[in-house]
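One-letter residues, chain by chain:
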Amino acid sequence: MLSDAGPDAPLVTAMRARELGRKSVVVGDRVALVGDTSGAAGALARIVRIAERTSVLRRTADDDETTAEGRLERVVVANADQLVIVSALADPPPRTGFIDRCLVAAYDAGIEPLLCLTKADLAGPEAVLGYYAELELPYVLVRPDSDLDALRSLLAGRISVLVGHSGVGKSTLVNRLVPDAARAVGTVSAIGRGRHTSTSAVALRLPRLPDRDDGARQPPSGAARPGADPGWIVDTPGVRSFGLAHVSADSLLHGFPDLVEGTVDCPANCPHTPDAPGCGLDAWVAAGKADPRRLASYRRLLASRAGEGDARGEPDQRNPGDPLAGS
């Protein structure tokens, strides 16, 4: 993205200048260019400067800091304002463990989260929303035949990055939002796992809403208006897990604001593990002030970050009896 580009700026092909050395340019970076920035066919510019990033969303390949792969940190996108966590309500079923990981990453990066629940024609959202009842987490429901006005209003004027498991309908959603995107759409296998269809992150300018005739139906209150900046979305490849080895143990708690107050009376440097003497979280949950599944999820993240669990485990390996718990 050009540092001073407006919503109607042309698409420019550019390459990184040699003087930038090994400094990586990632999706979402705001850059300064020299050369031909007309956007004409065959024109080529050079990226000579990368502006300071306002936010950086990262994930690690795994959670085990003791392995080379677990320490491999990947920048998903720079300068995003919003993380849209796309989760299907069925086929494949929702996995709150994965959503929890994305929330931790969003809060750690200073990005606002938005939960987008797809395939709402196949199942209701009550179980998922009940799990997050204490968080006041903004959400939107999407059905195949529903309009996307509510979602567009939440995307307008912002840079939003979409993440989700393969098969949750993310590419279908992107194609509905940006008809010219032509993102590949896959299917869900018989064992409930989606096939990876997007192979790289790509930033897409959302189209402006068409001007309406005087007699046309007006958009709902709060929806993006014709002529307004519709914003950008960054579509990312489907992932099986969202490693958090780059997030400190203390920062993990930021993804669980419903548990924070329960740690007020914990001893100094309390690790909040099940066997930690004096940890106040168990009493906090026992008093009905937080969902016990939330505490279980937090402690699973602590354990997997320490290399004590499988970050990509299946639901029955992570929390027996809870169909929402998988990562």
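Scroll up a little and you will see the structure.
Let us look at the structure shown here. Bear in mind the structure is a predicted one, so any value in this text is a computation, not a measurement. (Residues numbered from 1 in each chain as written. Predicted model: local features only at pLDDT ≥ 70, side-chain atom pairs only at ≥ 80, totals over all residues. Heavy atoms only, no water.)

### Some remarks on the overall build of the protein
Move 1: Helices and strands together make up the secondary structure of the protein, namely nine helices and 11 strands.
Move 2: Per-residue burial for the protein yields a buried fraction of 46% across its 327 residues.
Move 3: Taking all contacts inside the protein whose residues are at least 6 apart in sequence as the whole, residues at least 24 apart take part in 71%. (Helix = DSSP H or I, 4+ residues; strand = E, 2+ residues; numbered from the N terminus. Buried < 20%, exposed > 50% of the residue type's maximum accessible area, 1.4 Å probe, protein only. Contact = heavy atoms within 4.5 Å.)

### Describing the pattern of salt bridges
Move 1: Per the counting criterion, the structure on display carries nine salt bridges.
Move 2: Residue R46 pairs with E19 through a salt bridge whose shortest N-O separation is 3.6 Å. Residue R46 is located in strand β3 (residues 45–50), and its partner E19 is located in the loop between β1 (14–16) and β2 (31–35); the two are separated by 27 residues in the primary sequence.
Move 3: Its relative accessible area of 36% is what places R46 among the partly exposed residues.
Move 4: For E19, a relative accessible area of 54% gives the class exposed.
Move 5: Among the ionic pairs, D258 bridges to R294, the shortest N-O distance being 3.0 Å. Here the residue D258 occupies a position in helix α6 (residues 257–260), and R294 occupies one in helix α8 (residues 292–305), the gap between them amounting to 36 residues. (Salt bridge = Lys/Arg side-chain N within 4 Å of Asp/Glu carboxyl O.)

### Concerning the side chain of K170
Move 1: As for its placement among the helices and strands, K170 is situated in helix α4 (residues 170–177).
Move 2: Only 2.9 Å separates the side chain of K170 from the side chain of D235, close enough to count as a polar contact.
Move 3: Looking at K170, its side chain comes within polar contact range of the main-chain oxygen of T236, at 2.3 Å. (Polar contact = N/O pair within 3.5 Å; in protein donor to acceptor, adjacent residues only side chain to side chain.)

### Quick notes on the packing of aromatic side chains
Move 1: Here the structure, examined in full by the defined rule, presents two aromatic pairs.
Move 2: Centroid distance Y131 to Y132: 4.6 Å. Interplanar angle 90°. Geometry classified as edge-to-face.
Move 3: The exposure class of Y131 is buried, given its relative accessible area of 3%.
Move 4: Residue classification places Y132 among the buried positions, given a relative accessible area of 4%. (Phe/Tyr/Trp six-rings, centres within 6.5 Å; stacked < 30°, edge-to-face > 60°.)

### Some points on the packing of helix α1 (residues 96–109) against α8
Move 1: Two elements in contact, α1 and α8, have axes whose closest approach is 10 Å; the angle formed by their N-to-C orientations is 70°. Judged by the angle between their axes, α1 and α8 are roughly perpendicular. Contacts from D100, R101 and V104 in α1 reach R294, S297, L301 and S304 in α8.
Move 2: Split by residue class, the contact of α1 with α8 holds two nonpolar, two polar and three charged. (Axes fitted to C-alpha atoms, helices over the stretch in contact; angles between N-to-C directions. Parallel < 35°, antiparallel > 145°, perpendicular 65-115°, else oblique. Nonpolar A, V, L, I, M, F, W, Y, C, P; charged D, E, K, R; others polar.)

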